[in-house]
Amino acid sequence: MGHPRKPRKKYDTPPHPWNAERIKEENRLLTKYGLKNKKEIWKAETMIRRYRRDARHLLGLPEEQTRKEREQLLGHLKRMGILSDDAKLEDVLNLTIEDVLKRRLQTMVYEKGLARTIRQARQMIVHGHIALDGGKVNAPGYLVKKGEEDKIGFYPLSPMIGQVESKAEDTE
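Starting from 1, residues in each chain are numbered consecutively following that chain's sequence as written. The predicted nature of this model means local features are confined to residues of pLDDT at least 70 and side-chain atom pairs, given and counted, to a pLDDT of 80 or more, with totals for whole chains, interfaces and linings taken over all residues. The basis for every side-chain value is the complete set of non-hydrogen atoms in the structure, without hydrogens or water.

Draft legend 1. Spatial organisation of the pattern of salt bridges. The salt bridge definition used is simple: a Lys or Arg side-chain nitrogen within 4 Å of an Asp or Glu carboxyl oxygen. For the structure on display, the rule yields 13 salt bridges. Arg-122 serves as the salt-bridge partner of Glu-40, at 3.0 Å between the closest nitrogen and oxygen. Placement of Glu-40 in helix α2 (residues 38-60) and of Arg-122 in helix α6 (residues 118-126) is noted, with a sequence separation of 82 residues between them. Residue Glu-40 shares its accessibility class with Arg-122, and that shared class is buried. Numbering of helices and strands starts at the N terminus; helices are DSSP runs of H or I of at least 4 residues and strands are runs of E of at least 2. Partly exposed residues are those whose accessible area sits between 20% and 50% of the maximum for their type, while under 20% is buried and over 50% is exposed, using a 1.4 Å probe and protein chains only.

Structure (structure tokens):
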């Protein structure tokens, strides 16, 4: 069972640590999404791997036997915003790491224009300037659900609100 203060790893390390192509791809993702370390990539990779494994298992069984499980898997991925609303079970096999990395709070804050750079978005989240539905969230790796996208904003007591408003007035 393990110790309650030491949770299980949420990622699997690469099978071969010195693969040049994999390292180049990981470095590209690190810079594009402003990640802290490769462990964050491995977490997303492991998540995708598990979704694909479940989908392959469900595709191998008769449909009437696994109808409920198929709906649950697809429903979960649609609520998370990883799949589109009209996706089928076969689409789960085409998921990439970037599909998960695009759903991180850090990426969403940058894409919404609340931060100038992806690194600044990470810093604003960690320092407590970003709120999700009025509540402070300080985890840049938080996966934003589809219904929460519009609820991302500045924390009401954050001093960043005044800075952003004054800069917006200066540009006008």
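Here the narrative resumes.
Draft legend 2. Highlighting the nonpolar core. In plain words, nonpolar cores are sets of buried Ala, Val, Leu, Ile, Met, Phe, Trp, Tyr and Cys residues tied together by side-chain atoms within 4.5 Å. Membership of the largest hydrophobic core comes to 26 residues, with the highest contact counts inside it found for Leu-77 and Val-92. Every element with two or more residues in this core is listed here: α1 (20-33), α2, α3 (63-80) and α4 (97-101). Looking at this core element by element, the count peaks at seven residues for α2. If we skip the residues at most four places from it in the chain, Val-92 touches Tyr-51, Arg-52, Ala-55, Leu-74, Leu-77 and Leu-83. In terms of nonpolar packing, the next biggest core, distinct from the first, is built from 15 residues, Ala-115, Ile-125, Val-144 and Met-160 among them. Note on contacts: a residue pair qualifies if any of its non-hydrogen atoms lie within 4.5 Å across the two residues.

Draft legend 3. Looking closely at the environment of Thr-107. Secondary-structure assignment places Thr-107 in helix α5 (residues 105-112). Taking the C-alpha atoms as reference, Thr-107 lies 21 Å from Pro-159; in sequence the two are 52 residues apart. For Thr-107, the residues in contact, after removing those within four places along its chain, are Tyr-33, Leu-101, Lys-102 and Ile-118.

Draft legend 4. Seen up close, α2. Spanning 23 residues, α2 covers 33 Å between terminal C-alpha atoms, matching the ideal 33 Å at 1.5 Å per step. Taken as a whole, α2 has its buried residues at Glu-40, Ile-41, Trp-42, Ala-44, Thr-46, Ile-48, Tyr-51, Ala-55 and Leu-58. In this fold, the buried residues of α2 make contact with α1, α3, α4 and α6. A helix is expected to reach a length of 1.5 Å times the quantity of its residues less one.

Draft legend 5. Examining the packing of aromatic side chains more closely. Two aromatic rings from Phe, Tyr or Trp, using only the six-membered ring of Trp, form a pair when their centres are within 6.5 Å; if the ring planes differ by under 30 degrees the pair is stacked, by over 60 it is edge-to-face, and anything between is tilted. Tallying each qualifying case throughout the model produces one aromatic pair. Between Tyr-11 and Trp-42, the ring centres sit 6.0 Å apart and the planes meet at 35°, which makes this aromatic pair tilted. Here Trp-42 lies in helix α2 and Tyr-11 lies in the segment before α1, a separation of 31 residues in the sequence. A ring is scored as having a charge over it whenever the NZ atom of a lysine or the CZ atom of an arginine sits within 6 Å of its centre and within 35 degrees of its normal. Positioned above the aromatic ring of Tyr-11, the side-chain terminus of Lys-9 is 5.2 Å from the ring centre.

Draft legend 6. Inspection of the packing of α2 against α3 at higher detail. Fitting a line to C-alpha atoms yields each axis, with helices limited to the stretch in contact; the angle taken between N-to-C directions then spans 0 to 180 degrees. Packing of α2 against α3 brings their axes to within 10 Å, and their N-to-C directions diverge by 155°. Here α2 is positioned roughly antiparallel relative to α3, judged by the angle of their axes. In the crossing of α2 with α3, the sense of the turn from one axis to the other is left-handed. Along the contact surface, α2 presents Tyr-51, Asp-54, Ala-55, Leu-58 and Leu-59, while α3 presents Thr-66, Glu-69, Arg-70, Leu-73, His-76 and Leu-77. Tallied by class, residues from the contact of α2 with α3 come to six nonpolar, two polar and three charged. Each angle is binned into one of four classes, with values under 35 degrees roughly parallel, values over 145 roughly antiparallel, values of 65 to 115 roughly perpendicular, and all other values oblique. Each crossing gets its hand from how the near helix is turned against the far one by less than a right angle, where anticlockwise is left-handed and clockwise is right-handed. The classification used treats Ala, Val, Leu, Ile, Met, Phe, Trp, Tyr, Cys and Pro as nonpolar, Asp, Glu, Lys and Arg as charged, and all other residues, Gly among them, as polar.

Draft legend 7. Structural view of the side chain of His-129. Note on placement: His-129 falls in the loop between α6 and β1 (130-132). Any pair of nitrogen or oxygen atoms within 3.5 Å is treated as a polar contact; in protein, a donor-acceptor pairing is required on top of that, and neighbouring residues in sequence qualify only through side-chain atoms on both sides. Reaching out from His-129, the side chain makes a polar contact with the side chain of Ser-158 at a distance of 2.7 Å. Setting aside chain neighbours within four positions, we find His-129 in contact with Met-124, Gly-153, Phe-154, Tyr-155, Ser-158, Pro-159 and Met-160.

Draft legend 8. A look at the sheet that holds strand β2 (residues 135-136). Judged by pairing direction, the sheet is antiparallel, and its three strands sit side by side in the order β2-β1-β3 without closing on themselves. Edge positions in the open sheet fall to β2 and β3 (152-154), since each of these has one partner strand only. As paired strands, β1 and β2 are joined by two bridges and run antiparallel to one another. Across the sheet, Ala-131 pairs through a bridge with Lys-136, a residue of β2. Two strands are said to pair when DSSP picks up at least two bridges between them.

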